[in-house]
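Fold and contact review
These are the residues of each chain, in order.
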Amino acid sequence: MKAVIFSYTRRGARLSLRIRKCLQALAYETELYTSGKYVEVDSSLKKSISCKEDAKQAFQDNQVIVYIGSCGIAVRAIAPFVKNKTVDPAVISIDELGRFVIPLLSGHIGGANEIARKIAQEISAQAVITTATDINGLFAVDEWATKNNVHIGSMYAAKEVAAALVDGEDVGLISNYSITGELPFGILNDRRTRVGIVIDDDDELKPFPITLNLLPKVYYLGIGCRRNTAMENIENLVLQSLDELKINIKAIAGIASVDLKKDEEGLLAFAGKYSLPISFYAAAELESQQGKFSSSAFVQSIVGVSNVCERSAVAASEGGRIILPKSSLNGVTLAIAKKDPLISFSK
């Protein structure tokens, strides 16, 4: 994950060094930019180009953008590049004295609210949170879904859930996964409400007049392929298999393969097209996976392990159960493993 901090004064440049430590502690690789005359404050500071060019690049490369200066500077800089809350990075504005930390964009899905609170705690500032659910101490379903790796089926329905809670209306809940922990205030195990949440693999279930479908990302694709396999071959097998199993691709948590495939263009292109994280494992790591797997002497001779797809799926799912054993088509092998989620509202 990447973050960037922009500052425009000497005090701001110094403050950016402190904020970087906080972001790094949150696992963000963080770069610092400031006006040319202040780069001498620290050797890690880089010279900014212009507000517009900086913002354009920042939106392309980063999950978190911090502006140290007035809110107006930040708003004018990011305005041309804002798309929607599902894809925009978290944007935070901080005054140069470090008194107020203000999330401007992607407070919930992008995590700006939580990051702002952590920065404020680190620099002894006040986090200024303005989202209605937060200031009323209510459940924020989009923030919860992001933290718990759950796909939000409809942003319209998510807004309706938030609006109902803020208005004092109860929201129903149906889950086909086990739930631990106490339900948030206003969320009830009730099918009779106007607005409700369904946690299930099937995003076509609509038991409430307004239904928010939440799909836990619990499926992992283990993929093997011949060298230089076309992306379309991988895509065809995956989509065909998911369709047969009635699994929405939005419920896929990630892809895995052997490390010899880390530069396989077709595999990387498929992961990129569907915005899926991809992991690669050494042959020894795959060999150490527990379970019964199909075996191929030919694959063993090429990659050093007798099965790539099944073992990769199990490795990525941290011991999940295989729901699709090795399947082959056009030089591609696929296995799917499922890791049962822990649905908890205490997280």
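As a reminder, the structure under discussion sits directly above these lines.
We now turn to the structure provided with this report.

Rules of the game
Residues numbered from 1 in each chain as written. Predicted model: local features only at pLDDT ≥ 70, side-chain atom pairs only at ≥ 80, totals over all residues. Heavy atoms only, no water. Helix = DSSP H or I, 4+ residues; strand = E, 2+ residues; numbered from the N terminus. Buried < 20%, exposed > 50% of the residue type's maximum accessible area, 1.4 Å probe, protein only. Contact = heavy atoms within 4.5 Å. Areas by Shrake-Rupley, 256 points an atom, 1.4 Å probe, with all protein chains shown as cover. Salt bridge = Lys/Arg side-chain N within 4 Å of Asp/Glu carboxyl O. Pairing = 2+ DSSP bridges. Axes fitted to C-alpha atoms, helices over the stretch in contact; angles between N-to-C directions. Phe/Tyr/Trp six-rings, centres within 6.5 Å; stacked < 30°, edge-to-face > 60°. Parallel < 35°, antiparallel > 145°, perpendicular 65-115°, else oblique. Left-handed = near helix turned anticlockwise from the far one by under 90°. Nonpolar A, V, L, I, M, F, W, Y, C, P; charged D, E, K, R; others polar. Core = buried A, V, L, I, M, F, W, Y, C linked by side-chain atoms within 4.5 Å. Right-handed = clockwise from strand over helix to strand, strands pointing away.

**Here we look at the overall build of the protein**
- What the protein contains, in helices and strands, is 12 helices and 19 strands.
- Taken over the C-alpha atoms alone, the protein extends approximately 65 × 55 × 30 Å along its principal axes.
- A burial count over the protein gives 50% of its 347 residues as buried.
- Excluding contacts between residues fewer than 6 apart, the proportion of contacts in the protein whose partners are at least 24 apart in sequence is 60%.
- About 17000 Å² of surface is accessible on the protein, with carbon and sulfur atoms providing 49% of the total.

**As for the pattern of salt bridges**
- Per the counting criterion, the structure on display carries 17 salt bridges.
- Of the charged contacts, one joins Glu-160 and Arg-194 as a salt bridge, the two residues approaching to 3.9 Å between their closest N and O atoms. Taken together, the residues span a long stretch of sequence, with Glu-160 in helix 7 (residues 155–166) and Arg-194 in the loop between strand 11 (187–188) and strand 12 (195–199) at a distance of 34 residues.
- Judged by its relative accessible area of 38%, Arg-194 is partly exposed.

**Considerations on the sheet that holds strand 11**
- Strand order in the open sheet formed by 5 strands is 8-13-12-9-11, with mixed pairing between adjacent strands. Looking at which strands have only one partner, the edges of the open sheet turn out to be strand 8 (150–152) and strand 11.
- The strands touched by helix 7 within the sheet are strand 8, strand 9 (171–175), strand 11, strand 12 and strand 13 (210–216), with strand 13 carrying the most contacts at an inclination of about 115°.

**Considering the packing of aromatic side chains**
- Taken as a whole and judged by the stated rule, the model has 7 aromatic pairs.
- Between Phe-270 and Tyr-274, the aromatic rings sit 5.1 Å apart at their centres with planes inclined by 50°, giving tilted as the arrangement.
- Here the aromatic residues Phe-6, Tyr-33 and Tyr-67 are joined through ring pairs into a cluster of three or more.

**A closer look at the packing of helix 8 (residues 231–245) against helix 9 (residues 265–273)**
- Their axes nearest at 8 Å, the elements helix 8 and helix 9 cross at an angle of 55°. Taken as axis vectors, helix 8 and helix 9 run oblique relative to one another. The two elements helix 8 and helix 9 cross, and the hand of that crossing is right-handed. Across the interface between the two elements, Met-231, Ile-234, Glu-235 and Val-238 of helix 8 pack against Gly-266, Leu-267, Ala-269, Phe-270 and Lys-273 of helix 9.
- Taken together, the residues that form the contact of helix 8 with helix 9 break down as 6 nonpolar, 1 polar and 2 charged.

**Describing the nonpolar core**
- Formed by 49 residues in total, the largest nonpolar core has its most connected members in Ile-197 and Ile-223.
- If near-sequence neighbours (up to four positions away) are discounted, Ile-223 is found in contact with Ile-234, Val-238, Ile-255, Ala-256, Ser-257, Leu-267, Phe-270, Val-308, Cys-309, Val-332, Thr-333 and Leu-334.
- Counting residues in each nonpolar core, the second largest holds 27 residues, with Leu-23, Ile-94, Ile-115 and Ala-116 among its members.

**What about the sheet that holds strand 18 (residues 332–338)?**
- Read across the open sheet, the 5 strands follow the order 16-15-14-18-17; overall the sheet is mixed. Because the sheet does not close on itself, it has two edges, and the strands there are strand 16 (278–281) and strand 17 (321–329). Ignoring strand direction, the axes of neighbouring strands in this sheet form an average angle of 20°.
- Bridging between strand 14 (residues 219–225) and strand 15 (residues 252–258) involves 4 bridges; their strand directions are parallel. Counted as the bridge partner of Leu-221 is Ile-255 from strand 15.

**A look at the packing of helix 1 (residues 10–25) against helix 4 (residues 112–123)**
- Closest axis-to-axis distance for the helix 1/helix 4 pair is 10 Å, and the angle between their directions is 125°. Here helix 4 runs oblique to helix 1, going by the angle between their axes. Viewed along their axes, helix 1 and helix 4 form a crossing whose handedness is right-handed. Taken together, the residues of helix 4 that come into contact with helix 1 (itself represented by Leu-15, Arg-18, Ile-19, Cys-22 and Leu-23) are Ile-115, Lys-118, Ile-119, Glu-122 and Ile-123.
- Split into classes, the residues belonging to the contact of helix 1 with helix 4 amount to 7 nonpolar, no polar and 3 charged.

**Here we look at the pairing of strand 14**
- The buried fraction of strand 14 amounts to 7 of the 7 residues, a majority that puts the element mostly inside the structure.
- Side chains Tyr-219, Leu-221, Ile-223 and Cys-225 project from strand 14 onto one buried face, and the interleaved Tyr-220, Gly-222 and Gly-224 project onto a second face that is buried too.
- You can see the chain leave strand 14, run along helix 8 and come back into strand 15, and the turn it takes is right-handed.
- Note: strand 14 against strand 18, 7 bridges, orientation antiparallel. Residue pairing in the sheet places Leu-221 in a bridge with Ile-336 of strand 18.

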